[in-house]
Amino acid sequence: MIESAAEQFSFCHQLMRQGDFKDVFESCLCPATREGPPYKGRKGIFIEQSTEDPQTEAGSTMEIIDSKFVDGAVLITGRWTLADGSVVERRERWAMEENRWCLAP
């Protein structure tokens, strides 16, 4: 389970690094994430926020530094080296919904 969630995590963040925010919204966010605040189903808001974020992943590199199964989801910690050279670490919760792994709220 951890391996397949990590593969989806890597795929989705590859899309982010390429700036393909539309596909990330449609393919990588869980329904509750897409429909909840701040997006409320509005793909344009996600694209705008992702594009304007000073820590945007576009042009970055990423590595997974930890992953573990907790309470029915996989917690994945990644480290990004952003295009400006700064380094960011964060943990995301990935859940199995609609027969695929997706970024959960």
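Above this text sits the structure in question.
Calculation notes
- Residues numbered from 1 in each chain as written.
- Predicted model: local features only at pLDDT ≥ 70, side-chain atom pairs only at ≥ 80, totals over all residues.
- Heavy atoms only, no water.
- Disulfide = S-S within 2.5 Å.
- Helix = DSSP H or I, 4+ residues; strand = E, 2+ residues; numbered from the N terminus.
- Buried < 20%, exposed > 50% of the residue type's maximum accessible area, 1.4 Å probe, protein only.
- Pairing = 2+ DSSP bridges.
- Phe/Tyr/Trp six-rings, centres within 6.5 Å; stacked < 30°, edge-to-face > 60°.

A. Region of the structure containing the state of the cysteines. According to the stated counting rule, one finds two disulfides in the structure shown. Shown here is the disulfide that connects Cys12 with Cys28, its sulfur atoms set 2.0 Å apart. Classification of the bridge connecting Cys12 and Cys28 rests on its S-S torsion, roughly -95°, and on that basis the disulfide is left-handed. Taken together, the residues Cys12 in helix H1 (residues 2–17) and Cys28 in helix H2 (residues 21–28) connect sequence positions 16 residues apart. Under the relative-accessibility criterion, Cys12 is labelled buried at 3%. Residue classification places Cys28 among the buried positions, given a relative accessible area of 1%. Note that Cys30 is cross-linked by a disulfide to Cys102, the S-S spacing being 1.9 Å. With the S-S dihedral at roughly 90°, the linkage between Cys30 and Cys102 falls on the right-handed side. Linking Cys30 in the loop between H2 and helix H3 (31–35) with Cys102 in strand E4 (residues 100–103), this pair joins segments that are 72 residues apart in sequence. On the accessibility criterion, Cys30 (0% relative accessible area) is buried. For the protein chain, the bonded cysteines pair up as 1-2, 3-4 when numbered in the order they occur along the sequence.

B. Quick peek at unusual backbone geometry. The peptide bond linking Pro37 to Pro38 adopts the cis configuration, its omega dihedral lying at 5°. On the secondary structure map, Pro38 appears in the loop between H3 and helix H4 (43–52). Even without being a glycine, Asp71 presents a positive backbone phi close to 50°. Looking at where Asp71 falls in the secondary structure, it is placed in the loop between strand E1 (61–70) and strand E2 (73–81). In this model, Glu98 sits at a positive phi of 50°, which is unusual for a non-glycine residue.

C. Examining the pairing of strand E3 (residues 87–97) more closely. Bridge count for E2 against E3 is nine bridges, and the pairing is antiparallel. Counterpart to Thr77 in the pairing with E3 is Arg91. What sits between the antiparallel neighbours E2 and E3 is a turn of five residues, in which Gly85 has the positive phi angle 95°. In this structure, E3 lies alongside E4, joined through four bridges in antiparallel fashion. Within the sheet, the bridge partner assigned to Ala95 lies in E4 and is Cys102. Turn length for the E3-E4 hairpin, with the two strands adjacent in sequence and antiparallel, is two residues, and the turn residue Glu98 shows positive phi of about 50°.

D. Examining the packing of aromatic side chains more closely. Per the stated rule, a full pass over the model turns up five aromatic pairs. When the ring of Phe25 is compared with that of Tyr39, the centres are 6.3 Å apart and the planes differ by 90°; the resulting orientation is edge-to-face. Of this pair, Phe25 sits in helix H2 while Tyr39 sits in the loop between H3 and H4; the two residues are 14 residues apart in sequence, bridging distant segments of the chain. Residue Phe25 shares its accessibility class with Tyr39, and that shared class is buried. Both rings, one in Phe25 and one in Phe46, keep their centres 5.7 Å apart while their planes meet at 45°; by these two values the pair is tilted. Separated by 21 residues along the polypeptide, Phe25 in helix H2 and Phe46 in helix H4 bring together distant segments of the chain.

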